[in-house]
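Structural overview
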Amino acid sequence: MTEQAGDIRLESFAGIDPAAAGQQLNDKIGLKLLEVTPQRVVATIPVEGNLQPYGLLHGGANATLAESIGSTVAALNAGPDRAAMGLELSCTHHRAVRSGTVTGVATPLHVGRGTITVEIVLTDDEGRRTCTARLTCVVRDKPPGA
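Everything in this summary refers to the structure shown in the same document. By convention here, each chain's residues receive numbers from 1 onward along its written sequence. Local features in this predicted model are restricted to residues of pLDDT 70 or higher, and side-chain atom pairs are both shown and tallied only at a pLDDT of 80 or more, whereas totals for entire chains, interfaces and linings draw on every residue. Values reported for side chains reflect all heavy atoms of the structure, with hydrogen atoms and water molecules removed beforehand.

Points about the sheet that holds strand E3 (residues 82-93)
- If you trace the 6 strands from one edge of the open sheet to the other, you get E1-E2-E4-E5-E6-E3, paired in antiparallel fashion. Each end of this open sheet is capped by a strand with a single partner; those strands are strand E1 (32-37) and E3. Strand-to-strand twist of the sheet, defined as the mean angle between neighbouring strand axes without regard to direction, takes the value 20 degrees.
- A pair of strands is labelled paired if DSSP reports no fewer than 2 bridges between them. We count a stretch as a helix when DSSP gives it H or I for four or more residues in a row; a strand needs E for two or more, and each element gets its number in order from the N terminus. Of the strand pairs in this sheet, E3 and strand E6 (residues 129-141) are connected by 11 bridges, and their pairing is antiparallel. In the strand pairing of E6, Arg 82 is matched with Asp 141. Orientation is described by lines fitted to C-alpha atoms, with helices fitted over the stretch in contact, and by angles between N-to-C directions that extend from 0 to 180 degrees.

A short note on the pairing of strand E2 (residues 40-46)
- For each residue, the accessible area found with a 1.4 Å probe, counting protein chains only, is set against the maximum for its type, and the residue is called buried under 20%, exposed over 50%, and partly exposed in between. By the criterion of burial, E2 is predominantly enclosed, with 5 of the 7 residues buried.
- Where E1 lies against E2, 5 bridges are found, and the strand directions are antiparallel. Bridged to Lys 32 within E2 is Thr 44.
- As defined by bridge partners, E2 adjoins strand E4 (residues 101-111) across 6 bridges and the pair is classed as antiparallel. Bridging across to E4, Ile 45 finds its partner in Val 102.

A short note on the environment of Gly 79
- Following the sequence through the fold, Gly 79 ends up in the loop between helix H2 (59-78) and E3.
- Exposure remark for Gly 79: the relative accessible area of 22% places this residue in the partly exposed category.
- For the pair Gly 79 and Pro 38, spaced 41 residues apart in sequence, the C-alpha separation works out to 9.8 Å.

Structural notes on the pattern of salt bridges
- Note on definitions: salt bridges are taken to be side-chain nitrogens of Lys or Arg within 4 Å of carboxyl oxygens of Asp or Glu. Applying the stated criterion to the full structure yields 4 salt bridges.
- We note a salt bridge from Asp 141 to Arg 82, for which the minimum N-O separation is 3.0 Å. One end of the pair, Asp 141, is in strand E6; the other, Arg 82, is in strand E3, with 59 residues separating them in the sequence.
- Overall, Asp 141 belongs to the exposed group, its relative accessible area being 58%.

A look at the side chain of Thr 130
- Structurally, the position occupied by Thr 130 is in strand E6.
- The class of Thr 130 is buried, set by a relative accessible area of 1%.
- Residue contacts follow a heavy-atom distance rule, with two residues in contact if any of their heavy atoms lie within 4.5 Å. Apart from the residues within four sequence positions on either side, Thr 130 is in contact with Thr 92, His 93, His 94, Arg 95, Val 97, Val 102, Leu 122, Thr 123 and Asp 124.

Next up, the structure:
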C-alpha cells in the first residue's frame, strides 16, 4: 500500500485512537511521510525547530523520526488484527546536522510472529548518513474492540 506524498497520514495505519490523532509527536517535529509500504517507509523532518542548545539537530528528534517510521513498518507487517509496540530502540549518531532536512528510510530486518525488527537509516540533504537506528517491536493480538 503506497499513497502519494502529501496525502499520507499516520492515522491511516495501525489503528490510531481518533482522540489521540491530533496529539501526535510526529506533528510537533514536522514529520512528513513520503512513502509507506510494508517493505519501506520514508519520511523527513526539518532541522529547524528540532535543535538542541548547540544549534545541532537534537538526538531525540533523530530517535523520534526513527521510532515513528520503524513502528509504522512494524504495524504494517503485523497485520490488521495485531499491534506492534516498541520494545527497544538504539540510535548511533554519526554526523551532526545544522540545517535543511533529515530523511529516514525504515526497512524490516526480521518479521516474526512475536517480534519485528526494523533498520532505520537517516541522511542529510547531501545523502550523508547521520544516524543509524534499530527498532524492535513486540507483536500482540489487539484486544477486542480496539
